[in-house]
Amino acid sequence: MQTQRTILWVIFTMSLLFLWDAWQRHQGHPSLFGGSPAPTQTQAPGAAAPGGAGAPKADASVPQPGAQATVPTGQAAVPAGPALAAASQPVRLVTDVLSIDIDPVGGEVQRAELLKYTDTEGGTSANVVLFEEKPGHVYVAQAGLVGAPGQTLPNHRTPFIVEPGPRELAPGDDSLQLKMSAEQGGVRVVRTYTLARGSYAIDVKTEVTNVGAEPVRPTAYMQLTRDKKPPSSIAGIASTFVPIGTYGPVVYTDALKFQKVDFGAIEKNSQDHAKSAKDGWIGMMQHYFVSAWVPTQGTERTIETARIDGDLYTVRVRQPLPEIAPGASTRVDATLFVGPQDQKVLESVAPGLDLVVDYGWLTVIAKPIFELLQFLHGIVNNWGWAIVLLTLIVKLAFFPLQAASYRSMAKMKKVGPKLQQLRERFGDDRVKMNQAMMDLYKTEKINPLGGCLPIVVQIPVFIALYYVLFASVELRGAPWLGWIKDLAAPDPWYILPLLMAVSMFVQTKLNPTPPDPLQAKMMLWMPLIFSVMFFFFPAGLVLYWLVNNLFSIAQQWVITRRIEGKPVFGRAA
């Protein structure tokens with residue numbers, strides 16, 4: 001029985017060790033297992049810098065000279081378009097939550113700053129910048145049209161004319177618009193970007209008019225292009241098992257659901273994802289944040305992922321348009337989301353978009369935990385107290401199992417002197433001692449494995465809550481009380497880890513002492529080992545475990561007193 005208990009403790013300890021290692025890599029420190037933080041990628045070879053800007057102009061569809069084509073056979077590539085004499089100044093639109101820069105060349109969204117989120121992971125006090133186009137880093141949203149082979153239509157390399165208008169959301173206004181137009185190949189495009197107050201979803205409407213003499217049948221495309229450089233928030237965990245280390249292209253369709261696409265698979269041209277649909281969306285995910293193009297649902301589209309020359313990758317939607325007669329028009333509507341992975345908001349933008357909050361293999365446990373946390377937060381309006389209430393609910397849910405376990409442990413503690421006598425009687429003859437112990441357990445009606453069950457039950461809940469605290473942007477920067485300003489970050493004063501170590505030491509004293517001296521010493525060292533690891537864990541996770549320990553101590557103390565026949569709260573048991 002003691003061997004089995006030791007195995008369980010080893011499993012629990014290893015789980016904590018792996019989580020600690022993941023947190024260390026998240027902080028940018030080397031892995032305990034020989035890994036190292038992901039290296040910073042350099043600027044893509046051959047990237048051209050627009051005049052004076054010093055930033056590469058990402059072309060997500062046109063192969064560079066000598067590069068392998070990335071456009072499937074039979075589909076027209078987006079042409080490079082005319083050479084630009086000079087770079088135009090981007091147009092900046094600012095609302096209460098979002099600031100975006102739109103390049104008049106192609107209408108590319110080349111910068112997106114989230115005004116309500118500080119880049120704490122990057123070690124600065126600046127706001128989080130999601131889209132960005134500069135030397136060494138490219139992450140942009142693009143859109144345009146392609147026509148028949150040899151036909152050049154307005155695309156993300158075409159200069160647009162920007163109409164005048166307000167650039168900042170005025171007090172009392174609910175929305176802000178930017179309208180821009182371009183004409184090329186007998187087709188005129190008028191694109192309108194609409195930003196709403198309090199929203200990270202950008203409404204993008206494109207009116208396509210045939211101004212030529214012949215019918216045209218263009219194809220609209222929307223794409224997200226970025227390099228493989230890991231975001232600052234996950235630069236240290238990009239190669240670990242933690243699901244939040246995942247970043248890059250994602251695809252969702254109603255038929256095949258949520259699919260992540262690995263950069264390595266794209267490089268090998270072995271990506272496996274939905275290729276066509278009438279619904280869904282495409283996106284680029286990372287820790288805490290996401291961007292996504294959401295076309296109008298019910299429209300036929302094809303989905304592509306590709307590697308551009310150098311270090312650029314794209315995920316793209318192509319939407320064929322109906323034939324447009326001379327003088328006629330059609331419209332392409334889409335939503336461009338660029339913002340935090342707030343699950344309520346994501347659910348309202350598009351079906352399945354909330355799945356970018358990746359809880360890994362424990363989603364079946366983590367998702368209900370988060371939903372329960374959200375419900376409790378709605379009651380107490382504080383994520384820390386919501387965690388405390390969650391702990392109480394989990395304890396109540398497992399109360400019958402834990403009560404039976406504590407009774408078993410209390411009985412074992414009661415027969416501790418008899419176990420010590422058996423150890424002295426049989427000495428080093430472990431076979432006879434184990435047989436005598438099993439006979440004693442049978443006589444006293446003790447389940448030797450009963451004390452291990454709470455540990456087994458808590459492990460998946462513990463890891464699932466770790467994922468919830470680490471992956472849910474709602475808890476990022478959420479305070480509890482006093483010195484705890486961010487439940488997703490370690491306790492700055494290490495008060496919670498120290499209190500947890502004390503609570504674990506008390507629990508150890510309440511448990512029966514193992515007859516094996518080596519095991520007894522290991523149990524005494526456990527609180528110290530755990531407290532060191534918990535120094536680096538999110539404060540919310542330590543809070544959960546501390547509250548769990550405190551209620552376990554109270555429950556175990558009461559049951560032990562009753563088993564031993566001692567008074568509880570001044571009364572005899």
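Structure: see above.
The structure displayed is predicted, hence computed values, not measured ones.

Caption draft 1: Just the side chain of His-287, in detail. Within the secondary structure layout, His-287 lies in the loop between strand E15 (281-285) and strand E16 (289-295). Classification of His-287 as buried rests on a relative accessible area of 2%. Reaching out from His-287, the side chain makes a polar contact with the backbone oxygen of Phe-470 at a distance of 2.5 Å.

Caption draft 2: Spotlight on the pairing of strand E1 (residues 91-94). Side-chain alternation along E1 places Val-91 and Leu-93 on a buried face and Arg-92 and Val-94 on a face that remains uncovered. Pairing between E1 and strand E2 (residues 98-102): four bridges, direction antiparallel. Pairing of Val-94 across the sheet is with Ser-99, part of E2. Following E1, the chain reverses through three residues before pairing antiparallel with E2.

Caption draft 3: Up close: the pattern of salt bridges. Scanning the entire structure with this criterion turns up 13 salt bridges. Here Lys-134 makes a salt bridge to Glu-132, at a shortest N to O gap of 3.5 Å. Given the relative accessible area of 35%, Lys-134 is considered partly exposed. Here the residues in one salt-bridge network are Glu-304, Arg-316 and Arg-318, joined through shared partners.

Caption draft 4: Up close: the environment of Leu-312. Its location among the elements puts Leu-312 in strand E18 (residues 312-320). Taking the relative accessible area as the measure of exposure, Leu-312 reaches 8% and is therefore buried. Residues Leu-312 and Phe-263, 49 residues apart in the sequence, show an inter-C-alpha distance of 9.9 Å.

Rules used throughout
- Residues numbered from 1 in each chain as written.
- Predicted model: local features only at pLDDT ≥ 70, side-chain atom pairs only at ≥ 80, totals over all residues.
- Heavy atoms only, no water.
- Helix = DSSP H or I, 4+ residues; strand = E, 2+ residues; numbered from the N terminus.
- Buried < 20%, exposed > 50% of the residue type's maximum accessible area, 1.4 Å probe, protein only.
- Polar contact = N/O pair within 3.5 Å; in protein donor to acceptor, adjacent residues only side chain to side chain.
- Pairing = 2+ DSSP bridges.
- Salt bridge = Lys/Arg side-chain N within 4 Å of Asp/Glu carboxyl O.

Spatial relationships are all this shows, so hold off on functional conclusions.
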